[in-house]
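Topology and contacts: notes
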Amino acid sequence: MLCGTMLMACATIQPLSAQSTAAPLTGAARWADSAQMGIERAVLANDMDALTKVGAMIDRALAAFPNDPLLLHYRAYGLYRETMARDDDSEVSEAIEQKLKQAIALLDRSAALRPLPETQALLSSCLGVLAGTGMINGMRYGSAASDAGDAARALGPTNPRVALLAGIAAWFTPAMWGGGKDKGYALVQQAIAGFAKDRPVRPLPSWGAAEAFAWLGQMEKDRGNLSAARTAYDRALAIAPDFRWVRDQLRPALDAAR
């Protein structure tokens with residue numbers, strides 16, 4: 001069940017549009033901000049065509065600003081989101097594997113120019129997906145995924161997006177390999193507490209608050225806490241009313257299970 005402290009933290013989380021900015025954005029920063037907002041809209045709407053169009057927009061921006069770390073980051077982030085659109089139990093296709101490798105290359109370039117905790121966290125996630133595609137890839141990418149996760153935590157020990165991605169990864173990783181459902185559950189709760197205090201300055205990454213509640217809802221349901229799952233889904237929709245994954249799939253499935 002959600003504890004009282006967690007519920008108080010939930011109540012203070014801001015809508016997705018609430019992000020601080022110090023001054024009007026220009027140049028590459030303005031493109032990066034547009035990219036971030038476009039990706040978020042596409043993800044919430046589950047609109048893969050829109051996500052592809054945002055990727056094309058970022059490619060045009062990169063033609064003008066080829067070494068901008070945030071543009072490189074968001075291009076990789078968009079590719080990561082494209083790969084995550086598949087069913088959880090579906091195999092990683094060759095096309096998805098290529099997108100993950102493209103994202104990894106972009107994230108490496110971005111990290112070399114401007115180390116961000118989210119960049120390392122995404123790098124860990126992309127490498128982790130590849131590591132899970134077979135024994136050979138496990139040996140090839142597993143250690144690098146772990147190293148990137150360590151770097152993400154070192155750069156952002158209280159960063160909620162780092163905790164969220166680590167929690168999702170742990171949820172799907174057996175305990176014998178360093179994961180486990182209890183670990184994933186604890187990390188997602190940590191992420192939610194972090195989002196209550198999260199105030200990134202645009203165009204830095206600001207995604208994840210609604211998604212954290214979506215994952216918490218699934219974890220509560222798996223633990224048999226249906227009331228807590230419903231509360232988590234309602235919190236996700238309070239932050240992002242158009243979050244189709246929760247609105248059209250997760251919440252109705254939970255109601256049908258009653």
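The structure reproduced in this document is the subject of the present report. All residue numbers refer to position in the chain's written sequence, counted from 1. For a predicted model such as this one, the threshold for reporting local features is a pLDDT of at least 70, and the threshold for listing and counting side-chain atom pairs is 80 or more; totals across whole chains, interfaces and linings nevertheless cover every residue. Calculation of side-chain values draws on the structure's entire complement of heavy atoms; hydrogens and water are dropped beforehand.

Considering the packing of helix α8 (residues 160-171) against helix α10 (residues 209-222)
Heads up, the condition is: Only the contacting stretch of a helix is used when fitting its axis, a line to C-alpha atoms as for every element, and angles between N-to-C directions run 0 to 180 degrees. Secondary structure is summarised from DSSP: a helix means a run of H or I of at least four residues, a strand means a run of E of at least two, and numbering begins at the N terminus for each. An angle below 35 degrees is treated as roughly parallel, one above 145 as roughly antiparallel, one from 65 to 115 as roughly perpendicular, and anything else as oblique. We call a crossing left-handed when the near helix sits turned anticlockwise from the far one by less than a right angle, and right-handed when that turn is clockwise. In what follows, residue pairs with any heavy atoms lying within 4.5 Å of each other are defined as contacts.
Axis separation between α8 and α10 bottoms out at 11 Å; the angle between their running directions is 30°. One finds that α8 runs roughly parallel with respect to α10. Where α8 crosses over α10, the two elements pack in a sense that is left-handed. Across from Leu164, Gly167, Ile168 and Trp171 in α8, the residues of α10 making contact are Glu211, Ala212, Trp215, Met219 and Asp222.

What to know about the nonpolar core
The cut-off we apply is this: Note on terminology: a nonpolar core comprises buried Ala, Val, Leu, Ile, Met, Phe, Trp, Tyr and Cys residues joined through side-chain atoms within 4.5 Å. Relative accessible area decides the class of each residue, using a 1.4 Å probe on protein chains only: under 20% of the type maximum gives buried, over 50% gives exposed, and in between gives partly exposed.
If you look at the biggest cluster of nonpolar residues, it comprises 71 residues, and the most contacted ones within it are Ile39, Ile58, Tyr74, Leu164, Phe243 and Val246. Apart from residues lying up to four places away in sequence, Leu164 is in contact with Val188, Ala191, Trp207, Gly208, Glu211, Ala212 and Trp215.

Observations concerning the side chain of Arg81
Rule in force here: Any pair of N or O atoms that falls within 3.5 Å is considered a polar contact. Within protein, one atom must be able to donate a hydrogen and the other to accept it, and sequence-neighbouring residues count only if both atoms are side-chain atoms.
Positionally, Arg81 belongs in helix α4 (residues 69-84). When its relative accessible area of 10% is taken as the criterion, Arg81 is described as buried. Only 2.9 Å separates the side chain of Arg81 from the side chain of Tyr77, close enough to count as a polar contact. For Arg81, the residues in contact, after removing those within four places along its chain, are Ile39, Val43, Leu51, Trp207 and Glu211.

Regarding the packing of aromatic side chains
The line we're drawing: Two rings belonging to Phe, Tyr or Trp (six-membered ring only in the last case) form a pair when the distance between their centres is within 6.5 Å. Interplanar angles under 30 degrees mark stacking, angles over 60 mark edge-to-face geometry, and anything in between is tilted. Throughout this description, the term charge over a ring refers to an Arg CZ or Lys NZ atom that lies within 6 Å of the ring centre and within 35 degrees of the ring normal.
A complete count under the given rule lists four aromatic pairs for this structure. A centroid spacing of 5.8 Å and a plane angle of 85° characterise the contact between Phe172 and Trp215, whose relative ring orientation is edge-to-face. Taken as a pair, Phe172 in the loop between α8 and α9 (181-195) and Trp215 in helix α10 lie far apart in primary sequence, 43 residues in all. Judged by centre distance (6.1 Å) and plane angle (55°), the ring pair of Phe243 and Trp245 falls under tilted. By relative accessible area, which is 5% here, Phe243 ends up buried. Through a chain of ring-to-ring contacts, three or more aromatic side chains come together here, namely Phe172, Trp215, Phe243 and Trp245. The ring of Trp207 is capped by Arg81, whose NZ or CZ atom sits 5.3 Å from the centre of that ring. When the ring centre of Tyr185 is taken as origin, the NZ or CZ atom of Arg223, which lies over that ring, is 3.7 Å away.

Observations regarding the side chain of Glu118
Summarising the element assignment, Glu118 is placed in helix α6 (residues 117-131). A distance of 2.8 Å separates a polar atom in the side chain of Glu118 from a polar atom in the side chain of Arg161. Discounting chain neighbours no more than four positions away, the residues touching Glu118 are His73, Asn159, Arg161, Val162 and Pro205.

Things to note about the packing of α8 against α9
Short version of the rule: Gly is placed with the polar residues, together with every amino acid not listed as nonpolar (Ala, Val, Leu, Ile, Met, Phe, Trp, Tyr, Cys and Pro) or charged (Asp, Glu, Lys and Arg).
Running from amino to carboxyl end, α8 crosses α9 at an angle of 160°, the nearest separation of the two axes being 7 Å. Considering their axes alone, α8 and α9 lie roughly antiparallel with respect to each other. For α8 against α9, the interelement crossing comes out left-handed. Across the interface between the two elements, Pro160, Arg161, Ala163, Leu164, Ala166, Gly167, Ala170 and Trp171 of α8 pack against Lys181, Lys183, Gly184, Leu187, Val188, Gln190, Ala191, Gly194 and Phe195 of α9. Here the residues of the contact of α8 with α9 are counted per class, giving 10 nonpolar, four polar and three charged.

Quick look at the pattern of salt bridges
Any two side chains of opposite charge can pair, on the condition that their charged atoms come close. Put simply, the rule is: Salt bridge, as used here: a side-chain nitrogen of Lys or Arg that lies within 4 Å of a carboxyl oxygen of Asp or Glu.
If you walk through the whole model with that rule in mind, you get 16 salt bridges. Where Arg251 meets Asp234, a salt bridge forms, and the shortest distance between an N and an O atom there is 2.9 Å. With a gap of 17 residues between them, Arg251 in helix α12 (residues 244-256) and Asp234 in helix α11 (residues 226-239) connect regions that are remote in the sequence. The partner of Asp248 in a salt bridge is Arg247, and the shortest N-O contact between them spans 2.8 Å. For Arg247, a relative accessible area of 36% gives the class partly exposed.

Looking at α8
The following threshold applies: What a helix should span is 1.5 Å times the count of its residues minus one.
Here α8 is 12 residues long and its end C-alpha atoms lie 16 Å apart, about the 16 Å a rise of 1.5 Å per residue gives. Most of α8 is tucked away: 10 of the 12 residues are buried. If you check which residues of α8 are buried, you get Pro160, Arg161, Val162, Ala163, Leu164, Leu165, Gly167, Ile168, Ala170 and Trp171. The secondary structure elements touched by the buried residues of α8 are α4, α6, α7 (135-155), α9 and α10. In this structure Asn159 caps α8, since a side-chain oxygen of it lies 2.9 Å from the backbone nitrogen of Arg161.

The values reported here are purely geometric and, on their own, carry no functional implication.
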